[in-house]
Amino acid sequence: SEKWVLMVTAQTPTNIAVIKYWGKRDENLILAINDSISVTLDPAHLCTTTTVAVSPSFNQDRMWLNGKEISFAGGRYQNCLREIRARASDVEDEKKGIKITKNDWQNLHVHVASYNNFPTAAGLASSAAGFACLVFSLAKLMNVQEDNGRLSAIARQGSGSACRSLYGGFVKWVMGKEENGSDSIAIPLVDEKHWDELVIIIAVVSSRQKETSSTSGMRETVETSALIEHRAKEVVPKRIIQMEEAIQNRDFPTFAQLTCADSNQFHAVCMDTSPPIFYMNDTSHRVIGCVEKWNRSEGTPQVAYTFDAGPNAVMIARNRKAATLMLQRLLFHFPPNSDTDLNSYVIGDKSILK
Ligand code: PMV
């Protein structure tokens with residue numbers, strides 16, 4: 001039989017939300033209860049590299065994550081694959097003598113190998129980079145003729161936050177109104193050049209896997225928190241408008257105030273969940289104290305902090321000088337080999353999908 005293999009490799013950075021997504025109105029399609037805004041990181045620091053391959057000799061869809069085979073049967077992988085397959089077009093490689101028609105794709109199986117250069121599922125948005133990269137590379141392999149906005153709606157069905165990793169710079173995920181999710185897509189706000197003074201510092205507090213997945217955490221919050229509806233309906237819509245304006249104007253004090261407040265409110269609704277969810281730990285709290293104290297003593301914010309569904313701190317410094325001073329402070333308060341578990345820093349400028 002035919003012995004060919006066709007492959008595509010892509011690299012996608014992760015993104016960190018400055019206005020958080022927390023809570024779904026549809027768990028299968030992954031539709032959020034509020035808009036969110038994120039910044040896409042530099043692929044050199046936190047990214048996923050994915051190779052997708054197709055061959056007539058493959059008899060099932062298979063996937064490896066960091067070298068270990070994982071089940072591809074999971075609904076979210078299958079949802080993404082099904083959506084991409086449905087949009088596949090003809091592919092021809094004359095040199096290799098390969099010709100795949102639109103219909104052939106429905107019967108061909110794929111193999112996927114994906115690597116993260118950072119801890120998986122420790123609250124560093126590994127699923128965001130992972131699903132964005134999976135959808136992007138499958139779309140290239142199957143010659144899907146759709147823009148990144150349409151692809152973002154497919155990545156969203158893998159992991160909500162993944163839709164925002166299809167673009168660089170600052171990105172908004174619009175929750176949308178439609179029941180089928182067709183208008184729940186990512187929109188680029190400004191590209192990575194717009195505010196290139198910003199420097200991101202990630203303090204890895206723990207690389208252990210989080211205890212509560214974002215899916216079950218969100219479900220429990222939506223079902224039990226008395227605060228979540230107020231957050232989604234009253235607080236976030238106003239913050240989205242203010243944040244977009246702060247980003248357009250490169251207004252760091254407003255940006256920092258909104259970013260920190262939104263992270264803190266997200267963790268407050270987690271604590272308001274029954275049973276309560278604790279993603280941050282004592283070290284995370286001490287990092288917050290350290291940043292708050294310094295910002296206060298400077299009179300104007302130098303650094304913003306934000307925490308996702310895990311204890312690791314993501315700090316956004318207003319410029320390189322502020323980032324250097326922040327690092328010095330962190331190293332002073334959390335010296336290497338101290339009794340805290342803060343063990344490494346990743347520093348990078350924000351950047352874009354390559
Ligand atoms: O898309 P998920 O299931 O990984 O959820 C992400 C949730 C947060 O990271 C906490 C917030 C966000 O907007 O990314």
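Along each chain, numbering runs from 1 in the same order as the chain's sequence is written. In view of the model being predicted, local features appear only for residues whose pLDDT reaches at least 70, and side-chain atom pairs are presented and counted only at 80 or more, with totals across whole chains, interfaces and linings using the full set of residues. Excluded from the side-chain calculations are hydrogens and water; all other atoms, namely the structure's heavy atoms, are used.

## Structural notes on the site of the ligand
Right, on to step 1. Here, proximity means that at least one heavy atom of the residue falls within 4 Å of the molecule or strand. For the ligand, the set of nearby residues contains 14 residues, the closest of which are Y21, S159, S161, R164 and S214.
Right, on to step 2. Y21 places a polar main-chain atom, nitrogen or oxygen, 2.9 Å from an oxygen atom of the ligand.
Right, on to step 3. Distance and chemistry together define a polar contact, namely a pair of N or O atoms within 3.5 Å, with one atom able to donate a hydrogen and the other to accept it when in protein, and with adjacent residues in sequence counting only for side-chain atoms on both sides. Within the contact set of the ligand, an oxygen atom lies 2.7 Å away from a side-chain nitrogen or oxygen of S214.
Right, on to step 4. Areas reported here follow the Shrake-Rupley algorithm with a probe of radius 1.4 Å; residue values treat only the protein chains shown as occluding. Protein chains bury 94% of the 390 Å² of accessible surface belonging to the ligand in isolation.
Right, on to step 5. Polar here means any residue other than Ala, Val, Leu, Ile, Met, Phe, Trp, Tyr, Cys and Pro, which are nonpolar, and Asp, Glu, Lys and Arg, which are charged; Gly is therefore polar. The residue makeup of the shell around the ligand, split by class, is 6 nonpolar, 5 polar and 3 charged.

## What about the packing of helix α5 (residues 228–248) against helix α6 (residues 252–271)?
Right, on to step 1. Relative orientation of the contacting elements α5 and α6 amounts to 160°, with a least axis distance of 10 Å. Classified by the interaxial angle, the pair formed by α5 and α6 is roughly antiparallel. The handedness of the crossing between α5 and α6 is left-handed. Taken together, the residues of α6 that come into contact with α5 (itself represented by I228, R231, V235, V236, R239, Q242, M243, A246 and I247) are T254, F255, L258, T259, A261, D262, Q265 and V269.
Right, on to step 2. Looking at the contact of α5 with α6 residue by residue, the classes come out as 10 nonpolar, 4 polar and 3 charged. Helix axes use the C-alpha atoms of the stretch in contact, all axes being lines fitted to C-alpha atoms, and the angles between their N-to-C directions lie in the range 0 to 180 degrees. Numbering of helices and strands runs from the N terminus; a helix is a DSSP stretch of H or I covering at least four residues, while a strand is a stretch of E covering at least two. Put simply, angles under 35 degrees are roughly parallel, angles over 145 are roughly antiparallel, angles from 65 to 115 are roughly perpendicular, and the rest are oblique. Note on convention: near helix rotated counterclockwise from far helix by under a right angle means a left-handed crossing. Clockwise means right-handed. Any pair of residues with heavy atoms lying within 4.5 Å of one another is described as a contacting pair.

## Considering the environment of I154
Right, on to step 1. Note that I154 resides in helix α3 (residues 148–155).
Right, on to step 2. Counting along the chain gives 75 residues from I154 to N79, while the straight-line C-alpha distance between them is 8.1 Å.
Right, on to step 3. With residues up to four places along the chain from it excluded, the contact list for I154 reads C80, E83, I84, R87 and V135.

## Digging into the sheet that holds strand β2 (residues 15–19)
Right, on to step 1. By definition, two strands form a pair when at least two bridges between them are found by DSSP. Strand order in the open sheet formed by 4 strands is β2-β5-β12-β13, with antiparallel pairing between adjacent strands. Two strands in the sheet have a free side with no partner beyond their single neighbour: β2 and β13 (186–190). On average, each strand axis in the sheet is inclined to that of its neighbour by 35°, with strand direction left out of account.

## A few points about the side chain of S184
Right, on to step 1. Secondary-structure assignment places S184 in the loop between β12 (170–173) and β13.
Right, on to step 2. At 3.0 Å, the side chain of S184 and the side chain of W173 are in polar contact.
Right, on to step 3. The contact partners of S184, leaving out residues within four places of it in the chain, are L31, A153, R156, W173, V174, M175 and G176.

## Examining unusual backbone geometry
Right, on to step 1. Omega for the bond connecting S274 with P275 falls within 30 degrees of zero, at -5°, which places this linkage in the cis form.
Right, on to step 2. Following the sequence through the fold, P275 ends up in the loop between α6 and α7 (282–298).
Right, on to step 3. We note that I30 has phi near 60°; this positive angle belongs to a residue other than glycine.
Right, on to step 4. As for its position among the elements, I30 is in the loop between β3 (24–26) and β4 (31–32).
Right, on to step 5. A 1.4 Å probe rolled over the protein chains alone gives each residue an accessible area, and that area as a share of the maximum for its type sets the label: buried under 20%, exposed over 50%, partly exposed in between. The exposure class of I30 is buried, given its relative accessible area of 1%.
Right, on to step 6. The backbone of N66 shows a phi angle near 50°, a positive value even though the residue is not glycine.
Right, on to step 7. Within the secondary structure layout, N66 lies in the loop between β7 (62–65) and β8 (68–70).

Any functional reading would require information that these geometric values do not contain.
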